[in-house]
Amino acid sequence: MSFALDALIVLTGCTHVLLAPYNKVEESFNLHAVHDVLMHGITKLDQYDHFTFPGAVPRTFIGSALLAWVSYPAILLANSLGFVTSKFGLQIIVRLILSTLNALGLCYLRHAVSRRFGRPTGLYFTFITISQFHMPFWMGRTLPNMFALFPVNIASALLLSRPPNSLKPSPTNVYTAITLLTSTAVIFRAELVLLLGPLALQCLILKYVPFGGVVKLGMIVGLVSTAATMAVDSYFWKTASFPELSGVYFNVFQGKSSEWGTSPFWTYFYPMLPKSLLCALPLACLGYVMDSRIREVLLPHIVFVGLMSFLGHKEWRFIAYVVPVFNVAAARASRWMVSQRKSTQLGRWCLFAFWFMICVNAVITAVFTMTSITNYPGGVALRQFNEAYPPLGPHAKAYHVHISNLAAQTGASLFLQEHSPPFPSFSSQNQIPTYPWTVYDKTENLTLEELSGSLNITHLIAEWSPVEMKSRMRIWRVVDLDVNGDPHNTNPTGVSGIMKPGIIVSRFLTVNWDVVRAASKFRLREAWKLIVESGWRSLVWMQEEPRLWIYGRR
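For every chain, the first residue of the written sequence is number 1, and numbering continues from 1 along that sequence. At least 70 in pLDDT is required for a residue's local features to be given in this predicted model, at least 80 for side-chain atom pairs to be given and counted, and no such filter applies to totals for whole chains, interfaces and linings, which use all residues. With hydrogens and water stripped out, all remaining heavy atoms of the structure feed into the side-chain values.

The name given to the chain in an unreviewed UniProt entry is Mannosyltransferase, and the organism recorded there is Lentinula edodes. UniProt positions are given in the numbering used here, feature names are shortened, and annotations may be inferred rather than shown by experiment. The UniProt entry for the chain carries the following text under Subcellular location (unreviewed entry): "Endoplasmic reticulum membrane". Its UniProt record gives the chain a comment under Sequence similarities (unreviewed entry), which states: "Belongs to the glycosyltransferase 22 family."

Next up, the structure:
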C-alpha cells in the first residue's frame, strides 16, 4: 500500500512532464545550464549559453550541474533501450528526473505524516496532492524554486517525523532541517530566510534545541554554503559571483523586481493560495482549528506567506514551499471527516463532502492542464520546424531559422536545436563533422526589414501575422505542415484546429463573467437569458489565440 501511494505521487508528476514537455522563459537559465553541462562538460565554458544570454542577475549552477550528473545515467540507459532519438528526448528525461526527485521529497513527507498522524492521514495527503494542479505540474520544471523544493520538503518531514504523542522532534532532526533550510536559502532561494526565521524561532520557543546550538550551526552552514556557491559559480561565470546575494540586491535593495509587475499585499492569500490549494484550503483551515499539532506545523508557514506579502512582485512559485504543509493540514481534517462516516447522518455527509472535494480538484486540474499544455507555442513551432526541415545531406544548403523572442520565451530551448551541434556524446551525428547543420538564430530586436534583407535567413518563427507581414509577403510565405511533415505553400485561412497551416495557437480558459455577475446578484432571469443567447459558450470555454507563424523564404 505504501509503495503504491508513493508510486502515485511519482507518476502524477511524470505525467504532467510528458503532457507539457516544453519550458517557459523562467526555466530557461537552469534548463540551458543542464544542456551545456551535458553537452560540453564543465571545461568548455566558452560555449555555454549564459555568456550570450546572461539574464538580469546571475543564477547558481549548483542545481543544474547536479541535475545533469544525476540525469546522465538515466540518459545512457534510455539511449541503450532506444528511447532517445533526439536532443529533445534529453530535455524530457532531465525534467522527469527533477520531477521524480521532488516527488520523492513529497513521499518522504507523506511517511512523516503517517508516523505523526496515522496511516489514513498519509493516504488522504496523497489523494489531495495528486488531485491538485500546481504542485505536480511545476515540480518537474527547472526553476530555482523547484530545486529548492526537495530540501525544503525533507526539512518539513524531519520536523514532523515523530510518534503521535511526542512533544518534540529529535535534536538531530531539528539540526538537519536547519542545515537544509540554511544552505538552500544561501544557494538557491534567498526568500527561504523568511521561512527559516519563523521555524528556528519556533524551535527555540518550544525548546527543541538550545539557542547557542542554532546560532553556531547557522553560522557554520551559512559560511560553508557561501563558500560553496562562490567557488562553483565564480568558476562558471568566470568572475567573482554570489548569485543569491546579487539577486537580493537587484530585487530588494534596488527594487528592480517591480519592473516585472507588482501585486496588492493580499495577493498570496487571495487568489494565489486558493488557486494552488483548491479544495484543500477549507480543509486546511479545519485542520488548523481542530488539532494543535497542525497549528504547530502550519503557523511558521503562514508567517512566511505574510512576510513574503510585503514584497511588491509576487509569483506563485515564491511560496510554493508551503503547499505540501497546507496539504498535511488538509489531510488531517480529511481523516476526521472520513472517520465520522459511521456515526451520524452528518458524518456520512462529511464523507461525501471529502470525496466531492477531491473530484472538484480533479476536474479543475484537468481544465488547468488542458489549458497549460497548449501554452508553449515556441516549443511546438520549433519541433514542427525540425520535423518538416531535417538536414538533407552533406552537400545541401543548411537551413537558417530565426526564432523570435516570443518563441524563445515559450519553449524553443537549446534541446530543441536538434539539427545543430552540440550533440550528445553517444549520438551518431557526431561522426559527421562536415554536415551542414541547421542554424538556429535567436538574435534579439531584429526588424522585419532586417530579417527580410538578410538572405542567409531561410525561415522565420515569428509572432507577426500575415496581415502584419503584408508588405513583405512577396518575400515570405506561410509554411503548411501536413501530416507527413512536408512543407507546402498554402493560404492559412479557413483551417481550424491546434495545428493550422504555419500557425501555432494557444488555448486559454475564458469565463462568461456577465453570467457569473448576474447569478451572483441573484438576477436569475438575466443570467438564464445570457446562457440561452450564448449557447455552448454559456459559462466556460477554451479560447484559441494565434501566437506564432512559421514562414519560409520564397
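Still to come is the rest of the account.
Asks: Help me understand empty space enclosed by the protein, please; the structure alone is not making it clear to me.
Replies: The gaps left among the atoms become clear once a water-sized probe is rolled over them. Think of a 1 Å grid over the protein atoms and nothing else: a 1.4 Å probe that fits but is trapped marks a cavity, an open set flanked by protein within 12 Å on at least five of seven lines marks a pocket, and residues with an atom within 4 Å of a point count as lining. Grid points are joined across faces, edges and corners, and a volume is the space filled by probe spheres set on the points. Considering all chains together, one arrives at 3 cavities of 30 Å³ or more under this definition. Volume-wise, the largest cavity comes out at about 140 Å³. Lining the largest cavity are 13 residues; nearest its centre among them are Ser 156, Leu 159, Leu 160, Leu 199 and Val 297. Contributions of two or more residues to the lining of the largest cavity are made by α7 (144-160), α9 (193-205), α14 (292-308) and α15 (323-339). Helix and strand definitions here come from DSSP, where helices need a minimum of 4 consecutive H or I residues and strands a minimum of 2 consecutive E residues; each element is numbered from the N-terminal end.

Asks: It is not clear to me how the packing of aromatic side chains should be interpreted in this structure. Could you clarify?
Replies: We describe a pair of aromatic rings using the distance from one ring centre to the other and the angle between the two ring planes. Paired rings are identified among Phe, Tyr and Trp, the last through its six-membered ring, by centres lying within 6.5 Å, and are further divided according to the angle between planes into stacked (under 30 degrees), edge-to-face (over 60) and tilted (the rest). Following the criterion strictly, the structure yields 24 aromatic pairs and no others. Ring centres of Tyr 124 and Phe 354 lie 5.2 Å apart, and the angle between their planes is 70°; this geometry places the pair in the edge-to-face category. Residue Tyr 124 is found in helix α5 (residues 119-131), and its partner Phe 354 is found in helix α16 (residues 345-372); the two are separated by 230 residues along the sequence. Note on classification: 1.4 Å probe, protein chains only; a residue is buried when its accessible area is under 20% of the maximum for its type, exposed when over 50%, partly exposed between these limits. You can call Tyr 124 buried: its relative accessible area is 9%. Phe 354 sits in the buried class, given a relative accessible area of 0%. Judged by centre distance (6.2 Å) and plane angle (20°), the ring pair of Phe 147 and Phe 188 falls under stacked. Taken together, the positions of Phe 147 in helix α7 and Phe 188 in the loop between α8 (171-187) and α9 put the pair 41 residues apart, joining distant regions of the chain. Judged on exposure class, the residue Phe 147 and its partner Phe 188 are both buried. In this structure an aromatic cluster arises from ring pairing among Phe 29, Tyr 48, Phe 61, Tyr 235, Phe 236 and Trp 237. Geometrically, a charge over a ring is one whose NZ (Lys) or CZ (Arg) sits within 6 Å of the ring centre while staying within 35 degrees of the ring normal. The ring of Phe 423 has Lys 87 sitting right over it, with the charged end atom 5.5 Å from the ring centre.

Asks: How should the domain arrangement of the chain be read in this particular structure?
Replies: Quoted interface sizes are often the accessible area lost when the parts come together. Start and end positions for the domains come from either an automated domain assignment or a database one. Considered domain by domain, the chain is made up of domain 1 (1-374) and domain 2 (376-485 + 500-553). Residue contacts follow a heavy-atom distance rule, with two residues in contact if any of their heavy atoms lie within 4.5 Å. Each partner contributes residues to the interface: domain 1 has 34 residues there, and domain 2 has 30 residues. By definition, the buried area sums, over both parts, the 1.4 Å-probe accessible area that each loses when the two are put together. Both faces considered, domain 1 and domain 2 share a buried interface measuring about 2700 Å² in area, 68% of it formed by carbon and sulfur atoms. Among the residues of domain 1 in contact with domain 2, Tyr 22, Lys 87 and Thr 374 are the three that bury the most area, contributing 27% of the side total.

Asks: It is not clear to me how the side chain of Asn 102 should be interpreted in this structure. Could you clarify?
Replies: Its location among the elements puts Asn 102 in helix α4 (residues 87-117). On the basis of relative accessible area, Asn 102 is assigned to the buried category, the value being 0%. Once residues lying within four places of it in the same chain are set aside, the contact partners of Asn 102 are Met 139, Met 146, Leu 149, Phe 150 and Asn 153.

Asks: Would you mind going over the confidence of the model for the chain with me for this structure?
Replies: Low pLDDT means the predicted coordinates in that region are not meant to be read closely. Per-residue pLDDT for the chain has a mean of 89; in total, 91% of the residues score no lower than 70. Here pLDDT means the predictor's own confidence in every residue, given as a number from 0 to 100. Every residue in residues 483-500 is under pLDDT 50, and counting partners more than four places away or in other chains gives 39 contacts.

Asks: When you look at the nonpolar core in this model, what are you seeing that I'm missing?
Replies: Nonpolar side chains tend to gather and get buried jointly when the protein is soluble and globular. By nonpolar core is meant a set of buried Ala, Val, Leu, Ile, Met, Phe, Trp, Tyr and Cys residues that side-chain atoms within 4.5 Å join together. In this structure, Met 146, Leu 160, Phe 304, Val 328, Leu 382 and Ile 461 are the most contacted members of the largest nonpolar core, which totals 133 residues. Here the element with the most residues in this core is α4; it accounts for 14 residues. Shared between two domains, this core holds at least three residues of each, these being domain 1 (1-374) and domain 2 (376-485 + 500-553). Not counting residues within four places of it along the chain, the set of residues in contact with Met 146 comprises Leu 98, Asn 102, Trp 138, Met 139, Arg 141, Trp 316 and Ala 320. Residues Leu 451, Ile 457, Met 473 and Trp 549 belong to the second largest nonpolar core, which totals 14 residues.

Asks: What should I look at first to understand α16 in this one?
Replies: An α-helical turn contains 3.6 residues, so a residue and the one three or four places further along point in the same direction. The span expected for a helix works out to 1.5 Å for each residue beyond the first. For α16, built from 28 residues, the straight-helix expectation of 40 Å at 1.5 Å per residue is met to within 8% by its first-to-last C-alpha distance of 40 Å. Buried within α16 we find Gly 347, Cys 350, Phe 354, Met 357, Ile 358, Asn 361, Thr 365, Phe 368, Thr 369, Thr 371 and Ser 372.

Asks: Please clarify how the packing of α4 against α7 should be interpreted in this entry.
Replies: If you want to describe how two helices pack, look at the angle between their axes and the distance between the axes. To define axes, lines are fitted to C-alpha atoms, for helices over the stretch in contact only, and angles between the resulting N-to-C directions are given on a 0 to 180 degree scale. Between α4 and α7, the shortest axis-to-axis distance is 9 Å and the interhelical angle comes to 15°. Of the possible angle classes, the one that applies to α4 and α7 is roughly parallel. Here the hand of the crossing between α4 and α7 comes out left-handed. Contacts from Leu 98, Leu 101, Asn 102, Gly 105, Leu 106, Tyr 108, Leu 109, Ala 112, Val 113, Arg 116 and Phe 117 of α4 reach α7 at Met 146, Phe 147, Leu 149, Phe 150, Asn 153, Ile 154, Ser 156, Ala 157, Leu 158 and Leu 160. Any angle from 65 to 115 degrees is called roughly perpendicular, while one under 35 is roughly parallel, one over 145 is roughly antiparallel, and all others are oblique. It is the rotation of the near helix from the far one that decides the hand of a crossing: anticlockwise by less than a right angle makes it left-handed, clockwise makes it right-handed.

Asks: Looking at this model, I keep getting lost on the packing of helix α13 (residues 280-290) against α14. Mind explaining?
Replies: Running from N to C, α13 and α14 cross one another at 120°; their axes reach a closest spacing of 6 Å. Relative to α14, the element α13 lies oblique. In this structure, α13 meets α14 at a crossing whose hand is left-handed. Within the contact between the two elements, α13 uses Ala 284, Gly 287, Tyr 288, Val 289 and Met 290 and α14 uses Ser 292, Ile 294, Arg 295, Leu 298, Leu 299 and Ile 302. Classifying every residue of the contact of α13 with α14 gives 8 nonpolar, 2 polar and 1 charged. Residue type decides the class: Asp, Glu, Lys and Arg count as charged, Ala, Val, Leu, Ile, Met, Phe, Trp, Tyr, Cys and Pro as nonpolar, and the leftover types, Gly among them, as polar.

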